[in-house]
Amino acid sequence: MHLHKYEKIWLAFGVFALIIFLSVVGVSAFHQGNTPSGGHMTIDPEKVRETAPFNEPGLHKKEDGTYEVSMIAMAFGYDPAKLQVPAGEEITFTLTSEDVTHSFSIVGTNVNMMAVPGQINHRTHTFDEPGSYLVVCNEYCGSGHHFMSTEIEVIQQ
Ligand code: CUA
């Protein structure tokens, strides 16, 4: 088989680039221990309400002084439906869905998670300003999708 000089050069370049990229991924995964984001936290989607922390939806203070909000998305709303959280405190939202895929997106913040049945998602946020924050579902989830919203009341302590 005859290969043109340029073909050989590009072939060598391609193989070289492949080795570099695979090495980067390999070192990152096996040496530095990086894994795909989100972890692999799963629950039985049939038993959401019997599984901690979703057996008690709402705001909880953790031992380290930060807060956790356990939140269930469902057609077509959220549990808890009313939520008050303190301003200036670190709040971790822990989210799942008990029926179909929804989302939990707090307008005006970087909190934007998918709520997937059987999966647990986390996002930490600190509300600097007190006020009312709109939460919407931005995954199409059925006939009531565009009514699916709630509000978070951020209060000054
Ligand atoms: Cu829930 Cu769209």
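Residues numbered from 1 in each chain as written. Predicted model: local features only at pLDDT ≥ 70, side-chain atom pairs only at ≥ 80, totals over all residues. Heavy atoms only, no water.

Here we take up the nonpolar core. Side chains of nonpolar character tend, in soluble globular proteins, to be buried together. Judged by nonpolar contacts, the single largest core of 24 residues is most densely connected at Tyr78, Val85, Phe93, Phe104, Ile106, Phe127 and Ile152. Looking at this core, the elements with two or more residues in it are strand 2 (67–74), strand 4 (82–86), strand 5 (90–97), strand 6 (102–106), strand 7 (112–115), strand 9 (131–136) and strand 10 (149–155). In terms of residues, this core owes the most to one element, strand 2, which gives 4 residues. Excluding its chain neighbours within four sequence positions, the residues that come into contact with Ile106 are Phe93, Val111, Phe127, Tyr133, Leu134, Val135 and Ile152. The next biggest cluster of nonpolar side chains, apart from the first, holds 5 residues, and it includes Ile43, Phe54, Ile72 and Ile120. (Core = buried A, V, L, I, M, F, W, Y, C linked by side-chain atoms within 4.5 Å. Buried < 20%, exposed > 50% of the residue type's maximum accessible area, 1.4 Å probe, protein only. Helix = DSSP H or I, 4+ residues; strand = E, 2+ residues; numbered from the N terminus. Contact = heavy atoms within 4.5 Å.)

Turning next to unusual backbone geometry. Residues Ala52 and Pro53 are joined by a peptide bond in cis, for which omega reads 0°. Inspection of the secondary structure assignment puts Pro53 in the loop between helix 1 (5–31) and strand 1 (58–61). The amide bond that connects Ala75 to the next residue, Phe76, takes the cis arrangement and shows omega of -5°. With respect to the element layout, Phe76 can be found in the loop between strand 2 and strand 3 (77–79).

For the rest of this paragraph, the subject is the UniProt feature "domain: Cytochrome oxidase subunit II copper A binding" (unreviewed entry) in the protein chain. Per the UniProt record, "domain: Cytochrome oxidase subunit II copper A binding" (unreviewed entry) is annotated on residues 62–157. When the span residues 62–157 is considered, its composition is 0% helix and 54% strand, and the gap between its end C-alpha atoms is 17 Å. (UniProt positions renumbered as here; feature names shortened; annotations may be inferred.)

Looking now at the pattern of salt bridges. For the structure shown, the criterion picks out 3 salt bridges. Of the charged contacts in the structure, one is a salt bridge between Lys47 and Asp44, with a shortest N-O distance of 3.6 Å. The shortest N-O distance in the salt bridge between Arg49 and Asp79 comes to 2.7 Å. Of the two residues, Arg49 is situated in the loop between helix 1 and strand 1 and Asp79 in strand 3; the sequence distance between them amounts to 30 residues. Overall, the relative accessible area of 22% leaves Asp79 in the partly exposed class. Through salt bridges with shared partners, a single network forms among Arg49, Asp79 and Glu98. (Salt bridge = Lys/Arg side-chain N within 4 Å of Asp/Glu carboxyl O.)

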